[in-house]
Amino acid sequence: MTGKKTFAHRHILAMDDLSSEDIFLVLDTADSLKEISTRAIKKVPTLRGRTVINLFFEPSTRTRMSFEVAAKRLSADTFNFSVSTSSTSKGETLLDTVRTLVAMHPDAIVVRHKSSGAAAFLASRLDQEPGPRVAVVNGGDGVHEHPTQALLDLMTIREAKGTISGLKVAIIGDIAHSRVARSNIIGLSRMGAEVRVCGPLTLMPPAVEDLGARLFISPFEAVAGVDVVMTLRVQRERLHVSMVPSLREYAATFGVTAALLAHADPEVVVMHPGPLNRGVEIDPGIADSPFSLILDQVENGVAVRMALLFMLLGGKDND
Ligand code: CP
């Protein structure tokens, strides 16, 4: 494995921080680590003695579990911070909570928080303070970024298509509230893909094209000839007022169905970061069809997170 040699990052905060060379290195390292999960004994000693804390202030199934699985496959010790039973409920600030955890000498903290910029804030403050060095990994910050999701999506696309450069990718759904969309637009563009976005204009961020995507009003035009369709759920937990007339109308217009995919490349693949709202943003028949890479994304999530922990925490090349 070559990961440690040239990966110069202390934290993983945003796709915006990663060059195409960094991304290739993460994907190549993840490719080489993926087979560990298929062994009878799914464990290597690479990160023995290292400690990873999962600090999730928002719900998660895939990200939290796959970081835990990834760390354990590399023999790191993992601890899950339970927000509901912590002193957060007594008014402790995010920074004081993290300072407290850092005093216990973890090597990495994976943080998910509803506030955009939370992970970067913690990384910057911890870097300025005396005390143990710790890697901060952004497990999703508000509507800003979800870099590890974008990396696993890039791995899944490259695995399915053999390349990323030159592909046409349509991202359909609630782009405004999706940190996954933002990270993927940045990552896909950086890797040479053409990125198209489509969704209700009420759920489209201003200046989305400045991120590197082309805006389409019609889903049929957005998917015309594309190699990949990525669909996103409407993030109702982040909406203070209704931004779509009804989920039924949303599904009828923006749901990924066989009729919509008929306009894409015949070899099109369909992706969704999860959790799915079946029958809303994706037809259940498509979610379970051979077009779907949804469970490949989950599987690759473990490999990508193993790669990131390995690269950040200093695994040895001969492990
Ligand atoms: N894709 C994703 O972030 O899923 P979770 O919210 O379940 O972690």
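Above this note sits the structure.
Summary of the structure given here. This is a predicted model, so every value here is computed, not measured.

### A few points about the packing of helix 4 (residues 94–102) against helix 5 (residues 118–128)
Next up, step 1: Where helix 4 contacts helix 5, the axes come no closer than 11 Å and their chain directions differ by 55°. Accordingly, the angle class assigned to the pair helix 4 and helix 5 is oblique. Considering how the two elements wind past one another, helix 4 and helix 5 form a crossing that is right-handed. Between helix 4, through L94, L95, V98, R99 and V102, and helix 5, the contact on the second element is made entirely by A118, F121, L122, R125 and L126.
Next up, step 2: Of the residues belonging to the contact of helix 4 with helix 5, the class tally is eight nonpolar, no polar and two charged.

### Brief notes about the packing of aromatic side chains
Next up, step 1: Under the counting rule described, the total for this entry stands at two aromatic pairs.
Next up, step 2: Taken together, a centroid distance of 5.9 Å and an interplanar angle of 45° make the contact between F57 and F81 tilted. Residue F57 is found in the loop between strand 1 (51–56) and helix 3 (62–73), and its partner F81 is found in strand 2 (residues 77–81); the two are separated by 24 residues along the sequence.
Next up, step 3: With a relative accessible area of 22%, F57 lands in the partly exposed category.
Next up, step 4: A relative accessible area of 18% places F81 in the buried class.
Next up, step 5: With a centroid separation of 5.5 Å and 40° between ring planes, the pair formed by Y250 and F254 is classed as tilted.

### A few points about the side chain of Q297
Next up, step 1: Note on placement: Q297 falls in helix 12 (residues 294–313).
Next up, step 2: Those residues within four positions of Q297 in sequence are excluded, and the remaining contacts are Q149, L152, D153, T156, M271, H272 and P273.

### Section: the site of the ligand
Next up, step 1: Residues in close proximity to the ligand include S60, T61, R62, T63, R112, H146, Q149, P273 and G274, which together make up its full environment.
Next up, step 2: Between the ligand and H146, the relevant distance is 2.9 Å, taken from an oxygen atom to a side-chain nitrogen or oxygen of the residue.
Next up, step 3: Between Q149 and the ligand, the recorded distance is 3.0 Å, taken from a side-chain N or O atom to a nitrogen atom.
Next up, step 4: The fraction of the free accessible surface of the ligand (250 Å²) that becomes covered by protein chains is 91%.
Next up, step 5: More than half of the atoms belonging to the ligand lie within 2 Å of the grid points that define the largest pocket.

### Observations regarding the layout of surface pockets
Next up, step 1: When its volume is computed, the largest pocket comes out at roughly 400 Å³.
Next up, step 2: Lining the largest pocket are 21 residues, and of these R112, R179, R233, G274 and P275 lie nearest its centre.
Next up, step 3: For the lining of the largest pocket, the secondary-structure elements that each account for two or more residues are helix 3 and helix 7 (179–190).
Next up, step 4: Two domains each donate at least three residues to the lining of the largest pocket, and these are domain 1 (2–145 + 299–312) and domain 2 (147–297).

### Considerations on the pairing of strand 5 (residues 168–172)
Next up, step 1: Among the five residues of strand 5, four are classified as buried, and the element is accordingly described as predominantly covered.
Next up, step 2: Pairing of strand 5 with strand 6 (residues 194–198), which is carried by five bridges, proceeds in the parallel orientation. Looking at strand 6, one finds that K168 is bridged to E194.
Next up, step 3: Since strand 5 and strand 6 lie parallel, the crossover through helix 7 that links them has a hand, and here it is right-handed.
Next up, step 4: Note: strand 5 against strand 8 (residues 228–231), four bridges, orientation parallel.

### Here we look at unusual backbone geometry
Next up, step 1: Note the cis peptide between G274 and P275, where omega equals -5°.
Next up, step 2: Within the fold, P275 resides in the loop between strand 9 (269–271) and helix 11 (284–287).
Next up, step 3: Of note, the phi angle at H105 is positive, near 65°, even though the residue is not glycine.
Next up, step 4: By relative accessible area, H105 is classed as exposed at 53%.
Next up, step 5: We note that A207 has phi near 60°; this positive angle belongs to a residue other than glycine.
Next up, step 6: Tracing the sequence through the fold places A207 in the loop between strand 6 and strand 7 (213–216).

### Observations regarding the environment of L95
Next up, step 1: Positionally, L95 belongs in helix 4.
Next up, step 2: Owing to a relative accessible area of 9%, L95 belongs among the buried residues under this scheme.
Next up, step 3: As for L95 and A119, which are separated by 24 residues in sequence, their C-alpha atoms are 10 Å apart.

### A closer look at the sheet that holds strand 4 (residues 135–141)
Next up, step 1: As summarised here, the arrangement of the four strands in space is 2-1-3-4, forming an open sheet in which the pairing is parallel. Taken across any chain shown, the strands that pair with only one partner, and hence form the sheet edges, are strand 2 and strand 4. In this sheet, neighbouring strand axes are inclined to one another by 15° on average, regardless of whether the strands run parallel or antiparallel.
Next up, step 2: The sheet contact formed by strand 1 and strand 3 (residues 108–113) spans five bridges and is parallel. Bridge assignment links F56 to a residue of strand 3, and that residue is R112.
Next up, step 3: Contacts from helix 4 reach strand 1, strand 2 and strand 3 within the one sheet, and its direction differs from that of strand 3 by about 160°.

The rules behind the values
Residues numbered from 1 in each chain as written. Predicted model: local features only at pLDDT ≥ 70, side-chain atom pairs only at ≥ 80, totals over all residues. Heavy atoms only, no water. Axes fitted to C-alpha atoms, helices over the stretch in contact; angles between N-to-C directions. Helix = DSSP H or I, 4+ residues; strand = E, 2+ residues; numbered from the N terminus. Parallel < 35°, antiparallel > 145°, perpendicular 65-115°, else oblique. Left-handed = near helix turned anticlockwise from the far one by under 90°. Contact = heavy atoms within 4.5 Å. Nonpolar A, V, L, I, M, F, W, Y, C, P; charged D, E, K, R; others polar. Phe/Tyr/Trp six-rings, centres within 6.5 Å; stacked < 30°, edge-to-face > 60°. Buried < 20%, exposed > 50% of the residue type's maximum accessible area, 1.4 Å probe, protein only. Near = heavy atom within 4 Å. Polar contact = N/O pair within 3.5 Å; in protein donor to acceptor, adjacent residues only side chain to side chain. Areas by Shrake-Rupley, 256 points an atom, 1.4 Å probe, with all protein chains shown as cover. 1 Å grid on protein atoms, 1.4 Å probe; cavity = no way out; pocket = protein on both sides within 12 Å on 5 of 7 lines; lining within 4 Å. Sits in = over half its atoms within 2 Å of the grid points. Points joined across faces, edges and corners; volume = space filled by probe spheres on them. Domains from an automatic or database assignment. Pairing = 2+ DSSP bridges. Right-handed = clockwise from strand over helix to strand, strands pointing away.

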